[in-house]
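# A look at the structure
Below, each chain spelled out in residue letters.
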Amino acid sequence: MTDTTSDATAYTPPKVWTWNKANGGRFANINRPISGATHEQELPRGQHPLQLYSLGTPNGVKVTVMLEELLALGHAGAEYDAWLIRIQDGQQFGSGFVSVNPNSKIPALLDCSGEQPVRVFESGAILLYLAEKFGALVPTDPARRAECLSWLFWQMGSAPYLGGGFGHFFAYAPVKIEYAIDRFAMEVKREMDVLDRRLAENRFIAGDDYTIADITIWPWYGALAKGLLYESGEFLQVQEYTHVQRWAEELAQRPAVQRGRMVNRVMGAPESQLHERHDASDFDTRTQDKLKAE
């Protein structure tokens, strides 16, 4: 790894920051310091009460896994349409998407089951909303519920270190900065150790039962444990976290998790990609390998 620390420390911040050049990196074309819509684009609507606008990133996978788990439990009202939002193309800045999520981030959910549509944004909020709506995958006992929600919000606060911090500087930044990579690698390994110690004593994150705590943590830290994020498994020595490995593998074997990971997915093997999901049969007929064969 090239050490560019000297270049990084040579920068002296101005008194007032101004946006006068592209910042480089993989997501430079969609990064900007202002919010709001950049263009008019209405969102499509399907036939189901729940309309999901998302992409198969870890945050998107949380919600599709949650919906598939609810359907597996027999909650027919959790049927949903999942629409693909291509963030690299800036579709999250369309007027329709911004009306559902003013923060222009996936995932965004529109619940049309009542008299007036209810918008829900932020993945953790969506999982909790759905858990409470259907009375599933979140404990009702106060102490167990507190434990579950603590881990839910732990993930929401920790993932930016993994994704926006470590992932950005390790995989996406236009230059390799030793200080930044070391800083965030240290924090990610600390977080993995937190999970490993917890899972050494519990089958699931919140205790004996599978909950939204597992659903929210698995797409990030489970994928990291299996070496699927940023090609960083060897660098972070993820195999050391044996209890996280055990938990990650158990969740990966759940049929609902396998289905949820396919929805809005645009990378990997064609048979693992279901760009849009409007019916349960789409898993058998509308994956990319099937569409290309047609």
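What counts and how
Residues numbered from 1 in each chain as written. Predicted model: local features only at pLDDT ≥ 70, side-chain atom pairs only at ≥ 80, totals over all residues. Heavy atoms only, no water. Salt bridge = Lys/Arg side-chain N within 4 Å of Asp/Glu carboxyl O. Helix = DSSP H or I, 4+ residues; strand = E, 2+ residues; numbered from the N terminus. Buried < 20%, exposed > 50% of the residue type's maximum accessible area, 1.4 Å probe, protein only. Pairing = 2+ DSSP bridges. Axes fitted to C-alpha atoms, helices over the stretch in contact; angles between N-to-C directions. Contact = heavy atoms within 4.5 Å. Phe/Tyr/Trp six-rings, centres within 6.5 Å; stacked < 30°, edge-to-face > 60°. Lys NZ or Arg CZ within 6 Å of the ring centre and 35° of its normal. Core = buried A, V, L, I, M, F, W, Y, C linked by side-chain atoms within 4.5 Å.

### Topic: the pattern of salt bridges
- Under the defined criterion, the tally for this structure stands at 15 salt bridges.
- The residue Arg197 makes a salt bridge to Asp193 at a minimum N-O spacing of 2.7 Å. Of this pair, Arg197 and Asp193 both sit in helix α6 (residues 178-201), four residues apart, roughly one helical turn.
- Its relative accessible area of 29% is what places Asp193 among the partly exposed residues.
- Taken together, the shared-partner salt bridges in this structure form one network comprising Glu68, Glu79, Arg259 and Arg277.

### Side note on the sheet that holds strand β4 (residues 118-121)
- Taken in spatial order, the four strands line up as β2-β1-β3-β4 in an open sheet, and their pairing is mixed. Both edges of this open sheet fall to β2 (80-84) and β4, since each of them pairs with a single strand only. In this sheet, adjacent strand axes meet at a mean angle of 20° when their direction is disregarded.
- One ladder, built from four bridges, connects strand β1 (residues 50-54) with strand β3 (residues 108-111); its direction is antiparallel. Across the sheet, residue Leu52 finds its bridge partner in β3, namely Leu109.
- Sitting on the sheet, helix α2 (residues 58-72) touches β1 and β2, and the angle it makes with β1 is about 155°.
- Contacts from helix α4 (residues 123-134) reach β1, β3 and β4, with the element oriented near 130° to β4.

### Focus: the packing of aromatic side chains
- Per the stated rule, a full pass over the model turns up 10 aromatic pairs.
- Taken together, a centroid distance of 5.3 Å and an interplanar angle of 45° make the contact between Trp154 and Tyr221 tilted. Separated by 67 residues along the polypeptide, Trp154 in helix α5 (residues 142-172) and Tyr221 in helix α7 (residues 212-225) bring together distant segments of the chain.
- Of the residues examined, Trp154 reaches a relative accessible area of 17% and is grouped as buried.
- Since its relative accessible area comes to 0%, Tyr221 is described here as buried.
- Within the aromatic cluster, the residues linked to one another by ring pairs are Phe166, Phe170, Tyr172, Tyr230 and Phe235.
- Across the ring face of Phe134, the terminal group of Lys133 is positioned such that the distance to the ring centre comes to 5.8 Å.
- The lysine or arginine in question, Arg254, covers the ring of Tyr210, its NZ or CZ lying 3.7 Å from the ring centre.

### Here we look at the side chain of His48
- Looking at the element boundaries, His48 is found in the loop between α1 (5-9) and β1.
- Setting aside anything within four residues of it in sequence, one finds His48 in contact with Glu79, Tyr80, Asp81 and His278.

### Topic: the environment of Met192
- Looking at where Met192 falls in the secondary structure, it is placed in helix α6.
- Placed 19 residues apart in sequence, Met192 and Ala173 show a C-alpha to C-alpha distance of 23 Å.

### Focus: the nonpolar core
- Membership of the largest hydrophobic core comes to 66 residues, with the highest contact counts inside it found for Met66, Leu130, Leu162, Phe166, Ile212 and Trp247.
- Of the residues forming this core, the biggest block, 10 residues, is contributed by α7.
- With sequence-adjacent residues up to four places away left out, Trp247 is seen in contact with Leu199, Arg203, Phe204, Ile205, Asp214, Ile217, Trp218 and Gly222.
- Core analysis: the next-biggest nonpolar cluster, separate from the first, contains 11 residues, Tyr53, Ile85, Ile87 and Val100 among them.

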